[in-house]
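Descriptive analysis of the structure
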Amino acid sequence: MGETLPRGWKPSAPDAMQVLAKAEQYSKQAIEIAPTLPRPEGMTEEGFASAKNQALAMAHSGLGLVFVRRGKNAEAIPELEQAVKIDPTPDPVNYYLLGMANKATSHFDDAIAVFNKCAAMAGPLQGTCKVQAEDAKKLGTTQLSAPK
């Protein structure tokens, strides 16, 4: 729910801010309890670690998107970085969102690197990510990059 709610979010909905608050709550709760979950009987350590990382990646993705939706791109970056780092099969949407957050905060080199990762993944975002990488390159030549 922490990842799904902000992805389907409509800013014009009467309960738009409550939906983001609920998504934030679900994501933070998942991040908090995931390390304490016991491994189910019959599941391998590797399988459990992979499933837990995938769930954590979804929670970090949801929290990062909540921050993006609120215009808090600097806060979104570490959450989205966690999402792509720990996900056994990273979601191109997370790379796209991370690139947009980096671009919005004038971290152009980081944006280019992330958009290029997204563009290397087959799917509907591939072309968009290529265009965004080029845009970030242009911005990086005409604007100052923010320090890390």
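That block above? That's the structure.
Residues numbered from 1 in each chain as written. Predicted model: local features only at pLDDT ≥ 70, side-chain atom pairs only at ≥ 80, totals over all residues. Heavy atoms only, no water.

A closer look at the overall build of the protein
Secondary structure summary: the protein contains 7 helices and 0 strands in total. Secondary structure elements of the protein, listed N to C terminal, follow the sequence α-α-α-α-α-α-α. Over its C-alpha trace the protein gives a radius of gyration of 16 Å, about what one expects of a compact globule, namely 15 Å for 148 residues. Projecting the C-alpha coordinates of the protein onto the three principal axes gives extents of approximately 55 × 40 × 30 Å. Buried residues in the protein amount to 37% of all 148 residues. Long-range contacts, defined here as pairs at least 24 residues apart, represent 56% of the contacts in the protein between residues at least 6 apart. Distance from the positive charge centre (16 side chains) to the negative charge centre (16 side chains) of the protein: 5 Å. (Helix = DSSP H or I, 4+ residues; strand = E, 2+ residues; numbered from the N terminus. Rg over C-alpha atoms; globule rule 2.2 N^0.38 Å. Buried < 20%, exposed > 50% of the residue type's maximum accessible area, 1.4 Å probe, protein only. Contact = heavy atoms within 4.5 Å. Lys, Arg positive; Asp, Glu negative; His and termini not counted. Charge placed at Lys NZ, Arg CZ, Asp CG, Glu CD.)

Points about the nonpolar core
If you look at the biggest cluster of nonpolar residues, it comprises 20 residues, and the most contacted ones within it are Ala76, Leu80, Tyr95, Leu98, Phe115 and Cys129. Of all the elements in the fold, those that place two or more residues in this core are α3 (45-69), α4 (73-86), α5 (92-104), α6 (108-119) and α7 (126-142). If we ignore the near neighbours within four places in the chain, the residues touching Phe115 are Tyr96, Gly99, Met100, Lys103, Cys129, Gln132 and Ala133. (Core = buried A, V, L, I, M, F, W, Y, C linked by side-chain atoms within 4.5 Å.)

Points about unusual backbone geometry
Of note, Ser106 is a non-glycine position whose phi angle comes to about 65 degrees, a positive value. With respect to the helices and strands, the residue Ser106 is situated in the loop between α5 and α6.

Notes on the pattern of salt bridges
For the coordinates displayed, the defined rule picks out 7 salt bridges. Lys137 serves as the salt-bridge partner of Glu134, at 3.3 Å between the closest nitrogen and oxygen. Of this pair, Glu134 and Lys137 are both found in helix α7, 3 residues apart, which corresponds to roughly one turn of the helix. For Lys137, a relative accessible area of 38% translates into the label partly exposed. (Salt bridge = Lys/Arg side-chain N within 4 Å of Asp/Glu carboxyl O.)

Points about the state of the cysteines
Tallying each qualifying case throughout the model produces 1 disulfide. Covalent S-S linkage joins Cys118 and Cys129, the inter-sulfur distance amounting to 2.0 Å. Here the S-S torsion is close to 60 degrees, and the disulfide linking Cys118 with Cys129 is therefore right-handed. Pair noted here: Cys118 is in helix α6 and Cys129 is in helix α7, with a separation of 11 residues, a long-range link. Under the relative-accessibility criterion, Cys129 is labelled buried at 0%. (Disulfide = S-S within 2.5 Å.)

Some thoughts on the packing of aromatic side chains
Across all of its chains, the model carries 1 aromatic pair by this definition. Plain terms: the ring middles of Tyr96 and Phe115 are 6.3 Å apart, the flat faces sit at 55 degrees to each other, and that makes the pair tilted. Taken together, the positions of Tyr96 in helix α5 and Phe115 in helix α6 put the pair 19 residues apart, joining distant regions of the chain. (Phe/Tyr/Trp six-rings, centres within 6.5 Å; stacked < 30°, edge-to-face > 60°.)

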